[in-house]
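Observations on the three-dimensional arrangement
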Amino acid sequence: MDKNAFQHLDTAIPQSRFHFGSFIGRGFDIWKKQAGLYIAFGILFMVISMVVGLIPIIGSIANQLIIAPLLTAGAYIFSHKVDKNDNPKFENFFDATNHAATIIGIYAIYLLCILLIMVPIGFGMGINVDMLMGDQDAILDFFTDFNPLILLSFIPLLLIVLIFTFSTQFAIFYDLLAIDSIKYSAQVFFKHPFMLFFYVIVVGLCAMSGIVGLLICVIVTYSFIFPMMYAAFRYLTQLDVYENEEEDQIVYNTLIE
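In this report, the structure presented in the accompanying data block is examined. (Residues numbered from 1 in each chain as written. Predicted model: local features only at pLDDT ≥ 70, side-chain atom pairs only at ≥ 80, totals over all residues. Heavy atoms only, no water.)

Topic: the overall build of the protein
As a reminder, the rule being used: A run of H or I in DSSP becomes a helix once it reaches four residues, and a run of E becomes a strand once it reaches two; helices and strands are each numbered from the N terminus. Remark: exposure states derive from per-residue accessible area (1.4 Å probe, protein chains only) relative to the maximum for the residue type, with buried under 20%, exposed over 50%, and partly exposed in between. Contact definition: two residues touch when any of their heavy atoms are within 4.5 Å. Surface accessibility in these figures is a Shrake-Rupley result with a 1.4 Å probe; residues are shielded only by whichever protein chains are displayed.
When helices and strands are counted, the protein shows 14 helices and 0 strands. Listing each helix as α and each strand as β along the protein from the N terminus yields α-α-α-α-α-α-α-α-α-α-α-α-α-α. The proportion of buried residues among the 257 residues of the protein is 41%. Here the analysis covers contacts within the protein between residues at least 6 apart in sequence; of these, 73% occur between residues at least 24 apart. When the accessible surface of the protein is summed, it comes to about 14000 Å², and 69% of that surface belongs to carbon and sulfur atoms.

Details of the layout of surface pockets
This is how the line gets drawn: Of the two site types, the cavity is a set of points on a 1 Å grid over the protein atoms alone where a 1.4 Å probe fits but cannot get out, and the pocket is an open set with protein on both sides within 12 Å along at least five of seven lines, each lined by residues with an atom within 4 Å of a point. Grid points are joined across faces, edges and corners, and a volume is the space filled by probe spheres set on the points. Classification used: nonpolar for Ala, Val, Leu, Ile, Met, Phe, Trp, Tyr, Cys and Pro, charged for Asp, Glu, Lys and Arg, polar for all others including Gly.
For the largest pocket, the calculated volume is near 740 Å³. Lining the largest pocket are 24 residues, with Thr 72, Tyr 76, Tyr 107, Thr 165 and Ile 225 positioned closest to its centre. Looking at the lining of the largest pocket, the elements with two or more residues in it are α4 (58-83), α5 (100-124), α9 (167-174), α11 (193-207) and α13 (225-236). Looking at which element gives the most residues to the lining of the largest pocket, the answer is α4, with 6 residues. A class-by-class count of the residues in the lining of the largest pocket yields 17 nonpolar, 7 polar and no charged.

Section: α4
Put simply, the test is: How far a helix is expected to stretch is found by multiplying one less than its residue total by 1.5 Å. Here the bend at a residue means the angle between the axes of two seven-residue stretches, the one that ends at it and the one that starts at it.
The terminal C-alpha atoms of α4 lie 36 Å apart, and with 26 residues this matches the ideal 38 Å at 1.5 Å per residue to within 8%. Roughly 40 degrees is the biggest bend found in α4, and it falls at Gln 64.

Read these as geometric descriptors, not functional statements.
Printed below as a string of structure tokens:
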């Protein structure tokens, strides 16, 4: 962890501007440079998730806590290398293992927050043990008595998702611990709450746009998510400025020694 990272972020985030179209465009440009590798990774991501998910209970936990987080982080690292023209290779998609402990810690906190919100929502909606066991009468009663206003209770769930949006990237690019990564991710959200909300929706729609054509097209468009989310993060936190400062400091220290 570098104190310079805190100083940089404490300045960069309050000054940030959300250039919606530029982020989408830049992310797509990054994707086009290595479209084949992005598509291959997207396919591999889906296959691994499906295979691991077949394992009862443990598979789902492993997917949510380890597999998906590390693969997603690796895709951000790969996007960074593409953007910097730093000789990206397919194996870079798996480079997040160096930050595995922090990333898993972030997602453990994330899943705990989701659980703490979902449990009371479930009880509020009238979900009970009989429903979870597949009792048809209980399920029928649930839909008969369902109050649409209860959907408003999902707003806190949405806030949690948005607050954690960039937490992984803070860990891998600024070498922050889990709590600090979440804190700065929250700062970005509260700086641009509505723009970030719509950006996440648009990126999601771009990723799922393949459904409009053939289902197989989703395999191509799914990988849009990674460079587009990376592009937004890079500009909102002025990552390139931070890295240049770090390189200058290394050169300065070398000269002093």
